[in-house]
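The primary structure of each chain is shown beneath.
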Amino acid sequence: METVAAAGMEIYLYRSRIRQGECWSSVVAPGLWLGALAAGRVVVGGDEDDAPEGGAAPADWAPGSAARFWAADGFESRHTALADGAIAGVFLRVLPDAVEDLLGPDGARLTGGSGRAAAHVPVSMGLVWRMLGITGPAAARRLHLTAAALHLLGHVVEAGETDGPRTEPATPALSPADIERLHAARELLLRDLAAPPSVPDLARAVGLNARKLGRGFQALFGSPVYAFVKARRLDEARRLIEEEGLGIAEAAWRVGYSPAHFSTAFRKRHGLAPGAACGRR
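From a predicted model like this one, the values you see are computed outputs, not experimental measurements. (Residues numbered from 1 in each chain as written. Predicted model: local features only at pLDDT ≥ 70, side-chain atom pairs only at ≥ 80, totals over all residues. Heavy atoms only, no water.)

Peer 1: How would you explain helix α4 (residues 176-191) if you had to name every residue and give the values?
Peer 2: When the terminal C-alpha atoms of α4 are compared, their 23 Å separation across 16 residues agrees well with the 22 Å that a helix rising 1.5 Å per residue should span. What α4 keeps buried is the set D178, I179, L182, A185, R186 and L189. The arc that holds every buried residue of α4, seen down its axis, measures 115°, which confines them to one face. (Helix = DSSP H or I, 4+ residues; strand = E, 2+ residues; numbered from the N terminus. Expected span 1.5 Å × (residues − 1). Buried < 20%, exposed > 50% of the residue type's maximum accessible area, 1.4 Å probe, protein only. Arc of directions from axis to C-beta.)

Peer 1: Which residues make up the environment of P122, and what values go with them?
Peer 2: Tracing the backbone through its elements, the reader meets P122 in strand β10 (residues 119-122). C-alpha of P122 to C-alpha of G64: the two residues are 58 residues apart in sequence and 6.2 Å apart in space.

Peer 1: I'd like to hear about the environment of G35, residue by residue, with values.
Peer 2: Along the chain, G35 falls in strand β4 (residues 31-39). Placed 31 residues apart in sequence, G35 and A66 show a C-alpha to C-alpha distance of 5.4 Å. Not counting residues within four places of it along the chain, the set of residues in contact with G35 comprises W61, S65, A66, A67, V90 and F91. (Contact = heavy atoms within 4.5 Å.)

Peer 1: Pulling in residues and values, what's your account of the nonpolar core?
Peer 2: Of all hydrophobic cores here, the largest spans 51 residues; its most connected members are L92, M131 and L152. The biggest single contributor to this core is helix α3 (residues 138-159), with seven residues. Apart from the residues within four sequence positions on either side, L92 is in contact with E10, I11, L32, W33, L34, M131, A149, L152 and L153. Y14, F69, F75 and I87 belong to the second largest nonpolar core, which has 15 residues in total. (Core = buried A, V, L, I, M, F, W, Y, C linked by side-chain atoms within 4.5 Å.)

Coordinates in, geometry out; function isn't part of it.
Below, the structure is given as structure tokens:
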């Protein structure tokens, strides 16, 4: 599990494979928690020590909704897998001292008592998958993850205040096998940024049709295939210039750009000219 700390939050990005009936426990630290599964299905709870206040039954947790709860004190949570396959999810913890800073006076409404009884509210699955797929230089990736986490938190808090679920753009249903194929497609693109395969060729290589590849790639990684390749090319070019000391023209050719078009694209992506990146070596 990857953990990113920023803006009074801890962002947990989780991916693994599980078998039906497998059990595991995790320690839940104090704070306002939000969890959303992107793939997999589990039961949370299952014994008296785990039960939320009021003796609530164990919760069946699957993609499509987020669990939001307040933990005044730390406790141990038990999980049981309901099916074989991949499990992936995003979990946020707003630190107790940061709740009011992020949510204002309304934060008190979500943090009363000892908590632990989870409210399940609709969640944007496209946003959850996007957070799991965010890539790029470390500082930029941290900022993008923080912005997405705040967006997710705001969406879930707002959805919990409405009479019905919010309408979200349709996202394709992705099976664990589809997700593995999409990750394989991403790796193929990253393997040769200068000459990546076309979408039809990429789809054939990973065993998907082109339409499902395109829609699934955008849902999982947050951008169309060609936009993803363009962004990664320019990120790699900046790394080559700043970290390896390549000249501008050589870095451009290395990632598949002609120098004539490279400067404009680089400036749009990074907010500075390639020559300024050279000065940061």
